[in-house]
Amino acid sequence: MAGSTPPARSASGSFNEPISAVRSLGVWFLLEGLLELRRQIQELGQRPGAPQGAAAGAAAGAPAAAIARAGPEGAGLVVRCGQTEQVFAQLLTQVLEAHPELRHVSLHYHMEPLLEPEPAGAGAAAAAGPGDREAVVQRAVTAWAAKRGVNCSVHPYWDKTLFHPDDLPYPLYGTGKAAAGGGGGSGGGKSGQRPAKPQKQQPERSQFTQAANRDVQRYRTLPAVMTDFRRTTQSACLVRPCLPPPAALPPPPGPWRRNPAATADGLPATASESLWGEIPSSVTALYEAAGPEAVAALARLQELVGLDYGQLYAAGADDPRSAFPFRAGSGEALRRLRYYVWGKAEYDPEAGVLAGQDGPEARQGPLLPLSSPPSLQYFTNTRAQAVGVDNSTKLSPFCALGCITPRRIYQEVEAVREAAKAAGASTAAGYAAAVTGAGVASAQLPAPAECDWLAMHLCIRDFWTYTVLKEGMATLDERGIVGQPVNWRRDEEVLLRWCAGRTGLPFVDANMRELAATGWMSNRGRQNVASLLAKDLQQDWRWGAELFECLLLDSDVAVNYCNWNYFAGVGNDPRNRRFKTVTQGMQYDEDAVLAATWLPELACLPPRLRHAPWSNELLPAEKEAAVAMAVATTRAGTAGTRAAPGGANASAGSIESGGLATVQMGAAAAAFGVVLGRDYPMPIVDPAEQTGTLPAEEKARKAAKARGKVKL
Ligand SMILES: Cc1cc2nc3c(=O)[nH]c(=O)nc-3n(C[C@H](O)[C@H](O)[C@H](O)COP(=O)(O)OP(=O)(O)OC[C@H]3O[C@@H](n4cnc5c(N)ncnc54)[C@H](O)[C@@H]3O)c2cc1C
């Protein structure tokens, strides 16, 4: 696990109010992930054959999680909150007190392309840029150790991307020649060809990880456009194989080691609980531990989205409406991955198919007949949908936290591709039948095109990560990566409506409320809400990016800010995309399920009106439904609880009636007792501008669906 939660941008001083610099539901994900990691480490420590030696590792960033590698005598995870360099100093002090003879310590950590300016007084030598925070930590810790006569070796690891920086086919370090490992040259290989399998293990310490300050100049030859990046990397780069998980862990150092002589009954005494550090049990507990500033920031964020995260923490993961009903941790990430690419039977615990193992050996047991094809089989057609647990992989929160890596995902996708190939069918329809011998007609493995599509998205993620390494702090600038001056507006009232899901545009509002309540929003939803804020409302796009950073479970600085750059029209892509959010809702939430789920005030409306509650027109079927509803309401004797249009319950002003309030609209919804401007806000912009015709590809998709060829 990466173990670090990058602070929101405003924490770095790059951007300020009104968005608070705190993470909300992402925190429960982090806390759960830590709990699982602690359990895993403890379990590893129970296994025999643990190697000897002591080491400590942690990720740069705050809060810091420090891992005391431990063994059969008391494995565990040390958890601390605070500035990384201070936490290291405290931990090393404890270790040195217990082992005064120590002359060498090693520091292992994962690198993150954080975007933070150099803290004041850290020294002018390191320019502000991605990764510099880690350089600061390294310098502070090695200097601290040196003062005590201890040599500190530093071992940074890079596991953020599918392709390792040293393997990219671009001259990274200003030498004019391509970095090693990827086949060389600025392309090579045939376009569209899948990456070849690596022939040998790559050296552990790379040119990239040795470079203390990963300065933006080193990436100047990186393509500016994603398609170019994808073509060259996918055709010329290796994806390095994943290392096997450790079989056991060495004993812990110093005070964490159990003392077998400590108890009379012969059982080893456990190191004091407080030495390991408590994992806060709730979002509020974490912020209370972090101090009054953090508590105040959380309160501001809650006010902005109108929710209490203290309460939601307990319920968040179990919200039946959530499209992300998963727990954190690497075990859950692997289960989800296998379920998605292999099908439901693959991780059936009752069947013991996987038996909790990792790697290819996990699939050695008998495969059950697949009850239904894996979701990956439908990835191309379902990924853009706004609703559903299985429409996309839902792996991004696990990736963001380091519970799984893009390489591990890729490895599994390649395994399923190989299985399909071995079965001798491109779509592998007969594969499962061949394996089970049961002739399961519906069983399938994903077609190669679906595997390619997923790999391509992992590649997009790489592109944004490397773009941040190339562009550095420009990614956070209001003029964006291209340096495009735009007169962004900063109207807090407008921002408030957008944040709280009260723009009066149902597709946008439903997505925003889903995000605030669950930390999840589909990719299509993200594109639409970003487009509305930046393109239509012309508000400073960084407000949106900052809110996303606070709320998303998969919050990732590089991916988030680059996507926002792109949709605000200041990114490094020539296409300037603007979404018609009403039409998009009709396309990607066809039955208005998302709207009904997150906008209860519109749930009683027919789907068309849930998408367009301002409509004045009632279709014949809708008229019948409205009459039926009125009759049912009267019969139930509840007439008056839902006010008739303009009735006594109207509380004008209780919600926004601004925007297009002067225009008469919503007569159709009123027939169902829903009054625009009272029950649901008037649209913040002219809905006609948010409506357009269906593009040809969408028409084709709908036609295919009608023919039963597409699973939606
Ligand atoms: C304004 C905006 C902000 C975003 N912020 C984030 C963020 O903070 N963190 C984040 O992980 N993603 C972000 N995305 C990208 C994308 O929306 C999510 O990665 C995706 O929706 C995650 O769902 P999934 O895991 O089911 O993805 P799938 O569709 O199943 O894709 C598989 C994997 O590919 C990667 N991927 C897919 N789409 C993208 C993309 N557009 N950019 C980069 N990687 C991608 C992700 O790692 C994802 O897990 C943002 C998109 C937009 C438009």
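Definitions and cut-offs
Residues numbered from 1 in each chain as written. Predicted model: local features only at pLDDT ≥ 70, side-chain atom pairs only at ≥ 80, totals over all residues. Heavy atoms only, no water. Helix = DSSP H or I, 4+ residues; strand = E, 2+ residues; numbered from the N terminus. Buried < 20%, exposed > 50% of the residue type's maximum accessible area, 1.4 Å probe, protein only. Near = heavy atom within 4 Å. Polar contact = N/O pair within 3.5 Å; in protein donor to acceptor, adjacent residues only side chain to side chain. Areas by Shrake-Rupley, 256 points an atom, 1.4 Å probe, with all protein chains shown as cover. Nonpolar A, V, L, I, M, F, W, Y, C, P; charged D, E, K, R; others polar. Domains from an automatic or database assignment. Pairing = 2+ DSSP bridges. UniProt positions renumbered as here; feature names shortened; annotations may be inferred. Contact = heavy atoms within 4.5 Å. Axes fitted to C-alpha atoms, helices over the stretch in contact; angles between N-to-C directions. Parallel < 35°, antiparallel > 145°, perpendicular 65-115°, else oblique. Left-handed = near helix turned anticlockwise from the far one by under 90°. Phe/Tyr/Trp six-rings, centres within 6.5 Å; stacked < 30°, edge-to-face > 60°. Lys NZ or Arg CZ within 6 Å of the ring centre and 35° of its normal. Core = buried A, V, L, I, M, F, W, Y, C linked by side-chain atoms within 4.5 Å.

A. Structural detail: the overall build of the protein. When its secondary structure is counted, the protein shows 26 helices and 5 strands. Counting the 712 residues in the protein, one finds 54% classified as buried.

B. Fine view of the site of the ligand. Taken together, 27 residues are adjacent to the ligand, and Arg383, Ser392, Thr393, Lys394 and Asn523 come closest. Between the ligand and Asn523 there is a distance of 2.7 Å, counted from an oxygen atom to a side-chain nitrogen or oxygen. Asp556 has a polar backbone atom sitting 3.1 Å from an oxygen atom of the ligand. Compared with its free state, where it exposes 820 Å², the ligand has 97% of that area covered by protein. Looking at the shell around the ligand, the elements that each hand over two or more residues are helix H15 (448–471), helix H18 (523–536) and helix H20 (557–568). It is H15 that provides the largest number of residues to the shell around the ligand, a total of 6 residues. Each residue belonging to the shell around the ligand can be placed in one class, and the counts come to 12 nonpolar, 9 polar and 6 charged. Inspection of the shell around the ligand shows a minimum of three residues originating in each of domain 3 (330–468) and domain 4 (469–581).

C. Region of interest: the pairing of strand E5 (residues 151–157). Of all the 7 residues making up E5, 5 are buried; the element is thus mostly covered by neighbouring parts of the structure. The sheet contact formed by strand E4 (residues 104–110) and E5 spans 7 bridges and is parallel. Counted as the bridge partner of Tyr109 is Pro156 from E5.

D. Structural view of the UniProt feature "site: Electron transfer via tryptophanyl radical" (unreviewed entry) in the protein. Mapped onto this structure's residue numbering, the UniProt feature "site: Electron transfer via tryptophanyl radical" (unreviewed entry) falls at Trp488, Trp541 and Trp564. In three dimensions, the annotated residues from a span of 77 residues occupy one location, with a maximal C-alpha spread of 13.9 Å. Along the polypeptide, Trp488 turns up in the loop between H15 and helix H16 (492–499). Looking at the secondary structure, you find Trp541 in helix H19 (residues 541–551). Setting aside residues no more than four positions away along its own chain, Trp541 makes contact with Thr475, Leu476, Asp477, Glu478, Gly480, Trp488, Ala534, Tyr561, Trp564, Asn565, Ala568 and Val570.

E. Quick look at the environment of Arg461. Locating Arg461 in the fold gives a position in helix H15. Once the C-alpha coordinates of Arg461 and Asn563 are considered, the two residues, 102 residues apart in sequence, prove to be 10.0 Å apart. The residues contacting Arg461, other than those within four sequence positions of it, are Lys160, Cys399, Ala400, Pro406, Asp556 and Val559. In this structure the side chain of Arg461 is engaged in a polar contact, spanning 2.9 Å, whose partner is the backbone oxygen of Lys160.

F. Spotlight on the packing of H18 against H20. Where H18 contacts H20, the two axes come as close as 9 Å, and the packing angle between them is 55°. Viewed along their axes, H18 and H20 adopt a mutual orientation that is oblique. In the crossing of H18 with H20, the sense of the turn from one axis to the other is right-handed. Touching Gln527, Ala530, Leu533, Ala534 and Lys535 of H18 are Trp564, Phe567 and Ala568, all from H20.

G. Structural context of the packing of aromatic side chains. Within the structure shown, the criterion is met by 19 aromatic pairs. Centroid distance Phe229 to Tyr466: 6.2 Å. Interplanar angle 45°. Geometry classified as tilted. Pair noted here: Phe229 is in helix H5 (residues 226–236) and Tyr466 is in helix H15, with a separation of 237 residues, a long-range link. Per residue, the accessibility class of Phe229 equals that of Tyr466, and both read buried. Aromatic ring contacts, followed pair by pair, group Tyr170, Phe229, Phe463, Trp464, Tyr466, Tyr566, Phe567 and Phe579 into a single cluster. The positively charged end of Arg524 is found above the aromatic ring belonging to Tyr588, 4.1 Å away from the centroid.

H. Main features of the nonpolar core. Grouped together as the largest cluster of nonpolar side chains are 155 residues, with contacts concentrated most on Tyr309, Phe398, Ile409, Trp498, Trp541 and Leu547. No other element matches the 12 residues that H15 contributes to this core. Residues Val78, Leu91, Trp256 and Leu275 belong to the second largest nonpolar core, which totals 7 residues.

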